[in-house]
Amino acid sequence: MNYLLPILAVLLSFGFVLVAKPGNKEHFKLLLAFSGAFLLALTLFELFPEVYAQSDSRTIGVFVMLGILLQIFLEFFSKGAEHGHVHLDAEKSDFPWLLFISLSIHSLLEGFPIESNHTILYGILIHKVPIAIILSIFLFNSKIMLAKAVFFIVLFSLMTPLGSYIAAHVDLTAKYIANINALVIGVFLHISTVILFESSEGHQFNLRKLIVIVVGIALAYFL
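Below is a short write-up of the structure. Just so it is clear, the model here is predicted, and its values are computed rather than measured.

Moving on to the overall build of the protein chain. Helix and strand counts for the protein chain come out as nine helices and zero strands. The order of helices and strands in the protein chain, counted from the N terminus, is α-α-α-α-α-α-α-α-α. Over its C-alpha trace the protein chain gives a radius of gyration of 17 Å, about what one expects of a compact globule, namely 17 Å for 223 residues. For the protein chain, the C-alpha atoms occupy an extent of roughly 50 × 40 × 30 Å along the three principal directions. In the protein chain, which comprises 223 residues, the proportion classed as buried is 51%. In the protein chain, the share of contacts with a sequence separation of at least 24, taken over all contacts with a separation of at least 6, comes to 84%. Element-wise, carbon and sulfur atoms account for 71% of the exposed surface of the protein chain, whose accessible area totals about 10,800 Å². Once the 12 positive and 14 negative side-chain charges of the protein chain are each reduced to a mean point, those two points are 8 Å apart.

Here's what the structure looks like:
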């Protein structure tokens, strides 16, 4: 299930967009806010205690910071697609290789902590659904051919299971898994906090978004 569910989350989101044809990604902002809160809470409740118990705290802190910096670097190429923004030229029909590579690196890293902490799988799944929907809306609204869009989504869906497979079967990762997971924590911290900051438009109070954020945190706590 660790391998299958991330694939289904992406492919079913793509299928939903293909069938329902939602034209506006703004409708998914509440789901995005919920996913950001849920992922952040699971990271704090599950991953932080685990990695600090496995390795030197200063080393873990360094890798968390490296993860934050890595995600900032990746977003120069993905233009923020990891947290629901796709600022690419919709008029281009070329395959968006930079977007694909940056999202693939991000998704590959997401798969590593699933192997040692199955609860984080739920956070990753809920994070993937709104991102895959928004990404699919962009692909359908662009001039990219449907075959290229399907190719993009299918390969993208395989990246997180590939990360889990590497963590389970490559000996080198077992030795450094705490540091790798700390790197992923940094990635998660950056993405989830950006989602939460951006969910409060113009810093105005929004009761619905506050409620879904609180629900996301509470659900993560009781998992």
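So, next bit.
What follows is about the packing of helix 2 (residues 29–54) against helix 9 (residues 207–222). Here helix 2 crosses helix 9 at 35°, and the two axes come no closer than 8 Å. The handedness of the crossing between helix 2 and helix 9 comes out as right-handed. Judged by residue contacts, Lys29, Leu30, Ala33, Phe34, Ala37, Phe38, Ala41, Leu42 and Phe45 of helix 2 engage Arg208, Lys209, Val212, Ile213, Val215, Gly216, Ile217, Leu219, Ala220 and Tyr221 from helix 9. Residues belonging to the contact of helix 2 with helix 9 are distributed by class as follows: 15 nonpolar, one polar and three charged.

For the rest of this paragraph, the subject is the packing of helix 6 (residues 120–141) against helix 7 (residues 146–169). Two elements in contact, helix 6 and helix 7, have axes separated by 11 Å at closest approach and are oriented at 165°. Here helix 6 is positioned roughly antiparallel relative to helix 7, judged by the angle of their axes. Between helix 6 and helix 7 the crossing geometry is right-handed. Of the residues in helix 7, those touching helix 6 at Ile124, Lys128, Leu135, Ser136, Leu139 and Phe140 are Leu146, Ala149, Phe152, Ile153, Phe156 and Thr160. Classifying every residue of the contact of helix 6 with helix 7 gives nine nonpolar, two polar and one charged.

If you walk through the whole model with that rule in mind, you get one salt bridge. In this structure, Glu110 engages Lys128 in a salt bridge whose closest nitrogen and oxygen atoms are separated by 3.3 Å. Of this pair, Glu110 sits in helix 4 (residues 97–110) while Lys128 is found in helix 6, placing the two residues 18 residues apart along the sequence. For the residue pair Glu110 and Lys128, the accessibility class agrees, reading buried in each case.

Thresholds, definitions, all that
Residues numbered from 1 in each chain as written. Predicted model: local features only at pLDDT ≥ 70, side-chain atom pairs only at ≥ 80, totals over all residues. Heavy atoms only, no water. Helix = DSSP H or I, 4+ residues; strand = E, 2+ residues; numbered from the N terminus. Rg over C-alpha atoms; globule rule 2.2 N^0.38 Å. Buried < 20%, exposed > 50% of the residue type's maximum accessible area, 1.4 Å probe, protein only. Contact = heavy atoms within 4.5 Å. Areas by Shrake-Rupley, 256 points an atom, 1.4 Å probe, with all protein chains shown as cover. Lys, Arg positive; Asp, Glu negative; His and termini not counted. Charge placed at Lys NZ, Arg CZ, Asp CG, Glu CD. Axes fitted to C-alpha atoms, helices over the stretch in contact; angles between N-to-C directions. Left-handed = near helix turned anticlockwise from the far one by under 90°. Nonpolar A, V, L, I, M, F, W, Y, C, P; charged D, E, K, R; others polar. Parallel < 35°, antiparallel > 145°, perpendicular 65-115°, else oblique. Salt bridge = Lys/Arg side-chain N within 4 Å of Asp/Glu carboxyl O.

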